[in-house]
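Chain and residue survey
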Amino acid sequence: MKFKVLTLFPEMIRDGLRTSITGRALENNLIELETVNIRAYSQDKHGRVDDYTYGGGAGMLMQAQPVFDAWQAQVSGRKTRTIYVTPQGRLFSQSYAAELAQEKELIFLCGHYEGIDQRVLDEVVTDYVSIGDYVLTGGELPAMVMIDAISRLIPGVLHNEESAETESFHRNLLEYPQYSRPEVWHGQKVPDVLLSGDHRKIAAWRLEQSEGLTRERRPDLYAKYERQEAVIQVLSREKRLHIHMIESLRRGRGEVIFWKDRAVCVYDPDYRLGMFTAAPGKDAASQLIAAIPQNILDEMKYVLTTDIAIYRELADRLSGDKIRIVSEGRLACYTQRTFLPVKYKDIRLLKDVDLEYLTAHREWQDADQPAERIRAKAFYGAYAEQRLVGFCGWLPDGRIGGLYVEKAFRRQGIGTSLEAFCINRQLEMGFVPYGFIPKENEVALRMQGGMGLYLSEGHVWWLERS
Ligand code: 4H3
């Protein structure tokens, strides 16, 4: 990721980003930073870049020419995404940061004084962004806030064992209070439950704390969370058939786009996966699809539906593009909390060197997925005779999949061990592991039952937009 910042105070940006996480990411070339001094593009002999505002009003405005020339000098060929930070912008958020982190390069335009001449903004700005409802002296601090939040989502920047994807957090809840040594400080003891070593009790206590904090400090977020919990209750009536929607919400990936009675749509914006379940009844599917905002339908790339009628409704609504049925099958979920036995021992996290093998031995939805899955620390390999002979992992939406074992090494329990290993990793993250099994894959379907997973009665369909 390359950040280019157009500003009157380049040193403010450089000084603000050269420490801690962003400083280390810059040193390791995981991110690049280029600061451009707008004043260098002034054509005024005193280097002025501001002037009075037409129509009167207090203060000075930055003129168009120096800003445009500074911007044009940075934009090579195609239009680079250019963010103008301003109180008049779209509110910045974690999901907005995730969207921006997908870009290869971002230009930030930092205003000062009363702002910048609208004509150059109209020509160069792609995103108007605000970090909150307050006015600041300049755009430099908001730009640094955004660069910090975006950088943390660039693979490799955060060293923590779990990548951002595997944190079991609730997007709509504030984080619980945290404690470290000593056990007693100023006469105040660390809550006993945190010393108990009982992961389930600790998780329950943390959730309770998060709910209490959110209710008290962010009633707006809490309302969203309550609605989400209500949807999870409805979906849980058929838990095995809806495990993908329940887990998407619980893991903080999906959001409820529509809910009426038993018709629900959960959308995972990062993976662009729409999950649908509709009540029986002839126009339930059409009502459900009719309620989905067009912009979400337009960006939706994958669909997992429990009702094939949704497929026909979508085919009509997805203007132009074709949507096709990729596979019909059943969901398998592991609802126990006990770790599964892993008989085959030589299983290790896949690294960059394994990219070729991973790419070659599986059909991937897109070319970058194998590398992205390795960066996400989401795939594990089985080794025999000093080499990789199979793998398993989880896909961007969180479902376990991609199990492969070379023919010569099958029927030795390696496949079962690989899947059990991945299930155990997800149990450690507080997830309910689940996967999708095509209906023709009899061996895999039988294997799930043998491992203690439950299969959904009903079928689900994978649809893909071509
Ligand atoms: C962003 C920018 C607040 C925010 C900002 C925010 C200076 C914008 C100048 C700069 C204009 C006057 N204030 N809430 N200030 O994200 O260019 O507003």
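Our subject is the structure that appears above.
Summary of the structure given here. Numbers given to residues run from 1 along each chain, matching the order in which its sequence is written. pLDDT decides what is reported in this predicted model: residues at 70 or higher carry local features, side-chain atom pairs at 80 or more are listed and counted, and totals for whole chains, interfaces and linings draw on all residues regardless. Hydrogens and waters are ignored; side-chain quantities use all the structure's heavy atoms.

**Quick word on the overall build of the protein**
Short version of the rule: Numbering goes from the N terminus for both helices and strands, where a helix is a DSSP run of H or I of at least four residues and a strand is a run of E of at least two. Any residue under 20% of the maximum accessible area for its type is buried, any over 50% is exposed, and the rest in between are partly exposed; the area is computed with a 1.4 Å probe on protein chains only. Method for areas: the Shrake-Rupley scheme with a 1.4 Å probe, in which residue coverage is limited to the protein chains shown.
Of regular secondary structure, the protein possesses 16 helices and 21 strands. Seen through its principal axes, the protein has C-alpha atoms that stretch 80 × 60 × 50 Å. Buried residues in the protein amount to 48% of all 466 residues. For the protein, the computed accessible surface area is about 24,200 Å², with 50% contributed by carbon and sulfur atoms.

**Considerations on the packing of aromatic side chains**
To keep it simple, the criterion reads: To pair, rings of Phe, Tyr and Trp, with the six-membered ring standing in for Trp, must have centres within 6.5 Å; the planes then decide the type, stacked if under 30 degrees apart, edge-to-face if over 60, and tilted in the middle.
By the definition in use, this model includes 15 aromatic pairs. Taking 6.1 Å as the distance between ring centres and 90° as the angle between the ring planes, the aromatic pair formed by Y84 and Y128 counts as edge-to-face. In this pair, Y84 is assigned in strand β5 (residues 82-91) and Y128 in strand β7 (residues 127-130), connecting sequence segments 44 residues apart. Taking the relative accessible area as the measure of exposure, Y84 reaches 8% and is therefore buried.

**Points about the pattern of salt bridges**
Think of it this way: side chains of opposite charge can pair up when their charged atoms draw near. To keep it simple, the criterion reads: Here a salt bridge means any side-chain nitrogen of Lys or Arg lying within 4 Å of a carboxyl oxygen belonging to Asp or Glu.
Evaluation of the coordinates by the stated rule reveals 26 salt bridges. A salt bridge links R250 to E229; the nearest nitrogen and oxygen atoms lie 3.5 Å apart. Linking R250 in helix α9 (residues 239-250) with E229 in helix α8 (residues 219-235), this pair joins segments that are 21 residues apart in sequence. According to the relative accessible area criterion, R250 is partly exposed, its value standing at 31%. Across the pair K301 and D366 runs a salt bridge, and its minimum N-O distance is 3.7 Å. One end of the pair, K301, is in the loop between α11 (294-299) and β13 (302-305); the other, D366, is in the loop between α13 (355-360) and α14 (369-375), and 65 residues separate them in sequence.

**Structural notes on the packing of helix α15 (residues 414-428) against helix α16 (residues 442-451)**
Here is the rule we go by: Convention adopted: a line fitted to C-alpha atoms gives each axis, helices being fitted over their contacting stretch, and angles between N-to-C directions are expressed from 0 to 180 degrees. Between 65 and 115 degrees an angle is taken as roughly perpendicular, under 35 as roughly parallel, over 145 as roughly antiparallel, and anywhere else as oblique. The crossing is said to be left-handed when, going from far helix to near helix, the turn is anticlockwise and less than a right angle, and right-handed when the turn is clockwise. In what follows, a contact means two residues having at least one pair of non-hydrogen atoms within 4.5 Å. Three classes are used, and their members are as follows: Ala, Val, Leu, Ile, Met, Phe, Trp, Tyr, Cys and Pro are nonpolar, Asp, Glu, Lys and Arg are charged, and the others, Gly among them, are polar.
Direction vectors running N to C along α15 and α16 enclose 60°, while the axes themselves pass 11 Å from each other. Relative to α16, α15 is oriented oblique. When the axes of α15 and α16 are compared, the crossing they make is right-handed. On α16, the residues touching G415, T416, E419, A420 and I423 of α15 are M447, Q448 and M451. Residue composition of the contact of α15 with α16, grouped by class: 4 nonpolar, 3 polar and 1 charged.

**A short note on the site of the ligand**
For the record, the criterion: When at least one non-hydrogen atom of a residue lies within 4 Å of a molecule or strand, that residue is treated as near it. In the analysis that follows, any N or O atom pair within 3.5 Å is treated as a polar contact, provided that within protein one partner can donate a hydrogen and the other can accept it, and provided that, for residues neighboring in sequence, both atoms belong to side chains.
By nearness alone, 19 residues border the ligand, and Y84, I131, G132, Y134 and L136 come closest of all. In the model, an oxygen atom of the ligand is placed 2.7 Å from a nitrogen or oxygen of the Y84 side chain. In this structure, Y134 approaches the ligand through a main-chain N or O atom, which is 3.1 Å from a nitrogen atom. Coverage of the ligand by the protein chains reaches 95% of its 410 Å² of free accessible surface. The dominant element in the shell around the ligand, judged by the number of residues it contributes, is β5, at 4 residues. Among the residues forming the shell around the ligand, the class breakdown is 9 nonpolar, 9 polar and 1 charged.

**Remarks on the nonpolar core**
Operational definition: Side-chain atoms within 4.5 Å are what join buried Ala, Val, Leu, Ile, Met, Phe, Trp, Tyr and Cys residues into a set we call a nonpolar core.
In this structure, L350, F379 and I423 are the most contacted members of the largest nonpolar core, which totals 43 residues. Looking at this core, the elements that each hand over two or more residues are α13, β16 (379-384), β17 (387-394), β18 (400-405), α15 and α16. For this core, the element with the most residues is α15, which contributes 7 residues. Sequence-distant contacts of L350, defined by excluding residues within four places in its chain, comprise L358, I374, F379, Y380, G381, Y383, L388 and F391.

**A few points about the sheet that holds β7**
The criterion, for reference: Strand pairing is defined by DSSP finding a minimum of two bridges between the two strands.
Sheet architecture is open: 5 strands sit in the order β2-β1-β6-β5-β7, paired in parallel fashion. Of all strands in the sheet, those with a lone pairing partner are β2 (32-37) and β7, marking the two edges. Each adjacent strand pair in this sheet contributes to an overall mean axis angle of 35°, direction not counted. Looking at chain direction, strand β1 (residues 2-7) and strand β6 (residues 105-109) are connected through 5 bridges and run parallel. Of the residues in β6, the one forming a bridge with K4 is I107.

**Points about the packing of helix α1 (residues 10-17) against helix α6 (residues 140-151)**
In the contact formed by α1 and α6, the axes pass within 10 Å of each other and the chain directions differ by 35°. Note on packing geometry: the crossing formed by α1 with α6 is right-handed. Here M12, I13, G16 and L17 of α1 come into contact with α6, specifically with E140, L141, M144 and I147. When the residues that make up the contact of α1 with α6 are grouped by side-chain class, the tally is 6 nonpolar, 1 polar and 1 charged.

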